[in-house]
Amino acid sequence: MAWWQVQRGFRKAISEDVNADLAKEREAPPFPLERLTNILDGGSENTRVRRTVEAAIHSDPVFSREDIYFQTAKERYEGAIKRTINLRKKMEQMGWKENGPEHNFIYRIFGGEVAFNVHRVFISSILGLGTDEQIAKWVPLAKNLQIIGTYAQTELGHGTYLRGLETTATFNIDSQEFVLNTPKISATKWWPGDLGRSATHGFVLAQLIIKDKAYGMHAFIVPIRSLKDHSPLPGIVVGDIGPKMAFEHIDNGYLILRDVHVPKENMLSRYSQVLPDGSYVKLGSEKINYFTMIIVRVSMLANEVTPSLVKACIIAIRYSVVRRQSELKPGVPEAQILDYQTQQQKVLSQLAVAYASHFVSAHLGQFYSRVYDEIKMGKFDSLPELHAIAAGLKALLTEYCAAGIEVCRKACGGHGYSLLSGLPSLYTKLAASCTYEGENTVLFLQTARFLIKCFAAAQTHQAIPQSVIYLTSPRANTCQATNKLDFLNPEIYIKAYEHRAYRLIQNAANQLQALVKAGAEQYDAWNRTSVQLVQASMAHCHYIIVKVFVDTLKTLGNDPSIHEAIKTLCDLFALHGIFTNSGDFLHDGYLSGSQLDMATAAYLDLLAVVRKTAVSLTDAFDYTDEQLNSALGSYDGQVYQRLFEWAQKAPANTQVNSAYENYLRPLLQSTPSKL
């Protein structure tokens, strides 16, 4: 099946003619589009499977999200559950397995508008922290939806700081049970998805207490609602937390535990155990308790964060081709707004970020898989590096992608403000990602702790992880570029990013050390250096993304035209970073003012180059109209017709205006009109 054959759905009500300006952009793709799609999918077989799944789901009206922008939160929640339940039937009908390749594309197809997303985290957490016996008991029940799980970590008073969680689980030796309690209001579990109205069981993180001694955070499987009538079980106070900025279809909830008893085997015990006599046995690294969060961060970057920016770029770039406004050249018709350099700088730079995010997310997924295999063999050496990279990349990419979507929204002018554009929903959903699964400033500081330790080790010639190996390399004091073309050489800009990261890490480490030497306590010195530590962490993560992007280029040698197109985006991403963070590169004279001018000139030249291939580069991601759900971003570019047709579906256009009868008519008829 050709890639364009799955582009259907909302186009049925619109003329099948593609907008002439958009059609012209596609006349002669500068590279084999299908081949690039295969690369982005991770192989041609993945592309084939994805399209098969898309075709099956898009052709089934039960999965339609066509009117979603006009639905209430209750309708969104119930619709998500309906889609999820029907999806299970579809999977059985099509022979798709839960762990099969088809399942990997479900989230992409529905744009997250399915239920039980946190239920999957519940399953992953048990697989990561449970014993073989616990996995055998709980995972089949969860996969068959005989129970519905949630991941209850965050509390009203604590989120990212896990050691501060206040929920307690006290071991009762006599009954061989754990007794869980919410000691005060700040310990109320708050925000877990699927908890408000759906979950029957919770993966609850609580402070383990044995014989009045605290042993830190541990995980427990806690029944929440009756499997007979879904009512809260004894000692359970549970409900929905109310309206949010987005995620209307998810029932984020609260949970209070009052002397809730669970059997001893409900503590997940792969890496720590409580013996019948109350003895505590540690079986692995204490950092393993963070592993579930690492899983979620890796997954969210690949499945939610990156795709959201990609979709925003597709919408904004297609709209920028269709929309004409003002005279670029006097006396000629209005210009396509993508021909304005300012518009190019807005949306094409974000396209480069989207590609960078896509490739580094894939790289992180591969690194996670390798470390997970090591952990299963009892090797924890790489876990701190994985934790630091996942935390830092989660923080930086959510910031970049959320900001990038807002850039794309504003680049679409007034129509970008309409929910029908699809852009506000993408932004409000992704804005939340800057906070959940770790507040970004806290995550940057966690990465910084890893960097400071590695910097100290490098100074004493100890071995350090590969991701920070540049801390051991001799540094040039100045950039070697002599003209703007030099800035299209990856070696030139990688060294610039290395220098920036090294300098900021060194400065933060020196400041920290100086404060301690001057008599400050370590915690106080850390706090007084924290702004610089965040800057250092951001610079390191930015370097990682550039380095991975460049390394990815080395795998694209089979087709020179694709290599050229992706290298141009890589160059654009790197130079966009220099352009927008110029002070960091100028600070100690590594770049001179004239070199920054060269880099800026190269950056602006690249915008015109990417402009020629922009539509093809977005088409290569192969998102269907149903997935974009955007009146501005459809494949055919019939923007104005679609906006008007969709607006007619607004309930307000067919319902009786009660405000007229109750307020407007008395107002208008209170005084006879003189008209």
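Residues numbered from 1 in each chain as written. Predicted model: local features only at pLDDT ≥ 70, side-chain atom pairs only at ≥ 80, totals over all residues. Heavy atoms only, no water.

So, on to the overall build of the protein. Counting its secondary structure elements, the protein contains 21 helices and eleven strands. A compact globule built from 675 residues should have a C-alpha radius of gyration of about 26 Å, and the protein, at 27 Å, falls within 12% of that. Projected onto the principal axes, the alpha-carbon positions of the protein cover approximately 90 × 75 × 60 Å. Across the protein, the fraction of contacts at a sequence separation of at least 24, relative to all contacts at a separation of at least 6, is 74%. Separation between the mean location of the 68 positive side-chain charges and that of the 66 negative ones in the protein comes to 1 Å. (Helix = DSSP H or I, 4+ residues; strand = E, 2+ residues; numbered from the N terminus. Rg over C-alpha atoms; globule rule 2.2 N^0.38 Å. Contact = heavy atoms within 4.5 Å. Lys, Arg positive; Asp, Glu negative; His and termini not counted. Charge placed at Lys NZ, Arg CZ, Asp CG, Glu CD.)

Mapped onto the secondary structure, serine 467 falls in the loop between helix 12 (440–459) and helix 13 (490–517). Here serine 467 falls in the buried class, since its relative accessible area comes to 12%. For serine 467, the side chain forms a polar contact with the side chain of glutamate 385, separated by 2.8 Å. Not counting chain neighbours up to four residues away, the residues in contact with serine 467 comprise Glu385, Ile389, Phe450, His540, Tyr543 and Ile544. (Buried < 20%, exposed > 50% of the residue type's maximum accessible area, 1.4 Å probe, protein only. Polar contact = N/O pair within 3.5 Å; in protein donor to acceptor, adjacent residues only side chain to side chain.)

Turning our eyes to something else, we now look at the packing of aromatic side chains. Applying the stated criterion to the full structure yields 17 aromatic pairs. The interplanar angle of 45 degrees and the centroid separation of 5.1 Å between the aromatic rings of phenylalanine 171 and phenylalanine 178 together place this pair among those described as tilted. The exposure classification of phenylalanine 171 matches that of phenylalanine 178, with both residues buried. Ring centres of tryptophan 190 and tyrosine 254 lie 5.8 Å apart, and the angle between their planes is 20 degrees; this geometry places the pair in the stacked category. With tryptophan 190 in strand 4 (residues 189–190) and tyrosine 254 in strand 8 (residues 253–257), the pair connects residues that are 64 residues apart, well separated along the chain. Given a relative accessible area of 23%, tyrosine 254 falls into the partly exposed group. (Phe/Tyr/Trp six-rings, centres within 6.5 Å; stacked < 30°, edge-to-face > 60°.)

We now examine the sheet that holds strand 8. Adjacent strands of a sheet form backbone hydrogen bonds with each other and so pair up, either parallel or antiparallel. Overall, antiparallel pairing links the three strands, which are arranged 4-8-7 in an open sheet. Because the sheet does not close on itself, it has two edges, and the strands there are strand 4 and strand 7 (236–240). Strand direction decides the pairing type here: strand 4 and strand 8, joined by two bridges, are antiparallel. Within strand 8, the position partnered with tryptophan 190 by the bridge is tyrosine 254. (Pairing = 2+ DSSP bridges.)

Counting residues in each nonpolar core, the largest one holds 172 residues, and the members touching the most others are Tyr355 and Ile566. Ranked by residues supplied to this core, first place goes to helix 8 (residues 291–322) with 20 residues. Ala152, Phe178, Ile224 and Val262 belong to the second largest nonpolar core, which has 21 residues in total. (Core = buried A, V, L, I, M, F, W, Y, C linked by side-chain atoms within 4.5 Å.)

Attention shifts here to the UniProt feature "domain: Acyl-CoA oxidase C-terminal" (unreviewed entry) in the protein. In the numbering used here, UniProt assigns the feature "domain: Acyl-CoA oxidase C-terminal" (unreviewed entry) to residues 489–669. For residues 489–669, helix accounts for 76% and strand for 0%, while the C-alpha atoms at its two ends are 74 Å apart. (UniProt positions renumbered as here; feature names shortened; annotations may be inferred.)

All right, on to the UniProt feature "domain: Acyl-coenzyme A oxidase N-terminal" (unreviewed entry) in the protein then. Within this structure's numbering, the places UniProt gives as "domain: Acyl-coenzyme A oxidase N-terminal" (unreviewed entry) are residues 34–148. The span residues 34–148 shows a helical share of 65% and a strand share of 0%, and its end C-alpha atoms are spaced 40 Å apart.

On to the packing of helix 8 against helix 10 (residues 383–411). Running from N to C, helix 8 and helix 10 cross one another at 25 degrees; their axes reach a closest spacing of 9 Å. Looking at the two axes, helix 8 sits roughly parallel to helix 10. Judged by the twist between their axes, the crossing of helix 8 over helix 10 is left-handed. (Axes fitted to C-alpha atoms, helices over the stretch in contact; angles between N-to-C directions. Parallel < 35°, antiparallel > 145°, perpendicular 65-115°, else oblique. Left-handed = near helix turned anticlockwise from the far one by under 90°.)

Once that is clear, we can look at the confidence of the model for the protein. Across the protein, the average pLDDT comes to 93, with 96% of residues at or above 70. Counted against residues more than four places away or in other chains, residues 1–15, with its pLDDT under 50, gives 45 contacts. (pLDDT = per-residue confidence, 0-100.)

Time to look at the environment of leucine 227. Counting through the fold element by element, leucine 227 comes out in the loop between strand 6 (213–223) and strand 7. Taking the C-alpha atoms as reference, leucine 227 lies 37 Å from leucine 628; in sequence the two are 401 residues apart. In contact with leucine 227, not counting residues within four places along its chain, are Gln146, Ile147, Thr200 and His201.

Here we take up the pairing of strand 3 (residues 177–181). With five bridges connecting them, strand 2 (residues 168–172) and strand 3 associate as antiparallel partners. Counterpart to asparagine 172 in the pairing with strand 3 is glutamate 177. Two successive antiparallel strands, strand 2 and strand 3, enclose a turn made up of four residues, where glutamine 176 displays a positive phi of approximately 55 degrees. Strand direction decides the pairing type here: strand 3 and strand 9 (residues 260–263), joined by four bridges, are antiparallel. Residue pairing for strand 9: valine 179 is matched across the bridge by histidine 261.

On to a nonpolar patch on the surface, then. Together, Tyr660, Tyr663, Leu664, Leu667 and Leu668 give the surface a local cluster of nonpolar side chains, amounting to about 550 Å² of exposed area. Mapped onto the secondary structure, leucine 667 falls in helix 21 (residues 658–669). Leucine 667 gets classed as exposed once you look at its relative accessible area, which sits at 58%. (Patch = residues over 30% accessible without salt bridge, like charges linked within 9 Å, V, L, I, M, F, W, Y side chains within 5 Å. Areas by Shrake-Rupley, 256 points an atom, 1.4 Å probe, with all protein chains shown as cover. Salt bridge = Lys/Arg side-chain N within 4 Å of Asp/Glu carboxyl O.)

The topology assignment puts serine 357 in helix 9 (residues 341–376). Those residues in contact with serine 357 that lie beyond four places of it in its chain are Thr306, Leu397 and Cys401.

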